[in-house]
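# Commentary on secondary and tertiary structure
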Amino acid sequence: MLYPILKQAIPELLNIEASLFELNKLSDYFDDDIPFWFKKGIKGKKWTQIDCFSNTIKCSLPILEWCAGKGHLGRLIHHKTGAKVSAIEWSSDLCKQGQQLAVQQDIEQNFIEANVLLGEADEYLNQQQHVVALHACGHLHVHLINSAKKLSTKK
Ligand SMILES: C[S@@+](CC[C@H](N)C(=O)[O-])C[C@H]1O[C@@H](n2cnc3c(N)ncnc32)[C@H](O)[C@@H]1O
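These numbers were taken from a predicted model, which means no experiment stands behind them.

## Things to note about the overall build of the protein chain
When its secondary structure is counted, the protein chain shows five helices and four strands. For the protein chain, the N- to C-terminal ordering of α and β elements is α-α-β-α-β-α-β-β-α. Relative to its 155 residues, the protein chain shows a buried fraction of 35%. As displayed, the protein chain offers around 10200 Å² of accessible surface, 57% of which is attributable to carbon and sulfur atoms. Taking the 17 positively charged and 17 negatively charged side chains of the protein chain as two groups, their mean positions are separated by 2 Å.

Next comes the structure, spelled out in structure tokens:
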């Protein structure tokens, strides 16, 4: 939203594709046609967010969920697209709980316990995947963007 205004004032800013600034209403993505057992333990607002987010994923590349918590988003993406899903999370407790949910729901989702800020998850990034992150705040997503950038410029 701010970019078009800033770009007028600072023409040296990098060109960014206009489509990145087209925001649809959240309700445009909401589908909610999901089995009830899938939503167990996921509260209303979180459910809306992951449902809408998962509906924007159209690729079939493997999905890596960054700072995944219990990996709800990844599981839902797998349910909708069939993509292979993995989850990076530093809390061993959340990894265990997420893995349990995946087993209960018969979804192949592996949890990797890693501190992303120490670079422990960088080795799991590659160019043949799609990375998703929900509420990976502050340095958590900044580290991801920097590592992905390094990887994409690597020869
Ligand atoms: C706000 S929560 C979001 C969880 C999940 N993506 C969601 O939306 O439900 C942030 C997550 O990042 C994890 N986290 C925090 N610092 C981390 C780190 N340095 N490395 C890996 N995970 C981290 C937390 O344990 C937590 O699960």
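## Observations concerning the pairing of strand β2 (residues 85–89)
Counting buried positions over the five residues of β2 gives five, a clear majority of the element. Burial along β2 is two-sided: the face carrying Val85, Ala87 and Glu89 and the face carrying Ser86 and Ile88 are both buried. Note that strand β1 (residues 63–65) and β2 share three bridges and pair parallel. The residue of β2 that forms the bridge with Ile63 is Val85. In this fold, the crossover linking β2 to strand β3 (residues 109–113) by way of helix α4 (residues 92–104) has right-handed handedness.

## Here's the deal with the side chain of Ser86
Examined against the element boundaries, Ser86 turns out to sit in strand β2. Taking relative accessible area as the criterion, Ser86 reaches 14% and is therefore assigned buried. One polar contact links Ser86 to Asn110, side chain to side chain, over a distance of 3.2 Å. Ser86 has contacts with Ile63, Leu64, Glu65, Asn110 and Ile112, leaving out every residue within four places of it along the chain.

## A closer look at the environment of Asn15
With respect to the helices, strands and loops of the structure, Asn15 is situated in the loop between α1 (3–9) and α2 (44–55). A residue is classified by how much of its surface remains accessible, and Asn15, at 69% relative accessible area, is exposed. Put simply, Asn15 and Lys96 are 81 residues apart on the chain and 43 Å apart in space, counted from C-alpha to C-alpha. Excluding its chain neighbours within four sequence positions, the residues that come into contact with Asn15 are Tyr3 and Lys7. Within the structure, the side chain of Asn15 is placed 3.2 Å from the side chain of Lys7, a separation counted as a polar contact.

## Let's talk about the site of the ligand
Around the ligand sit 14 residues, and of these Lys46, Glu89, Asn115, Val116 and Leu134 come closest. Between Cys67 and the ligand, the recorded distance is 2.9 Å, taken from a backbone N or O atom to a nitrogen atom. Backbone polar atom of Leu134 to a nitrogen atom of the ligand: 2.8 Å apart, as the coordinates give it. The fraction of the free accessible surface of the ligand (590 Å²) that becomes covered by protein chains is 79%.

Scoring rules and cut-offs
- Residues numbered from 1 in each chain as written.
- Predicted model: local features only at pLDDT ≥ 70, side-chain atom pairs only at ≥ 80, totals over all residues.
- Heavy atoms only, no water.
- Helix = DSSP H or I, 4+ residues; strand = E, 2+ residues; numbered from the N terminus.
- Buried < 20%, exposed > 50% of the residue type's maximum accessible area, 1.4 Å probe, protein only.
- Areas by Shrake-Rupley, 256 points an atom, 1.4 Å probe, with all protein chains shown as cover.
- Lys, Arg positive; Asp, Glu negative; His and termini not counted.
- Charge placed at Lys NZ, Arg CZ, Asp CG, Glu CD.
- Pairing = 2+ DSSP bridges.
- Right-handed = clockwise from strand over helix to strand, strands pointing away.
- Polar contact = N/O pair within 3.5 Å; in protein donor to acceptor, adjacent residues only side chain to side chain.
- Contact = heavy atoms within 4.5 Å.
- Near = heavy atom within 4 Å.

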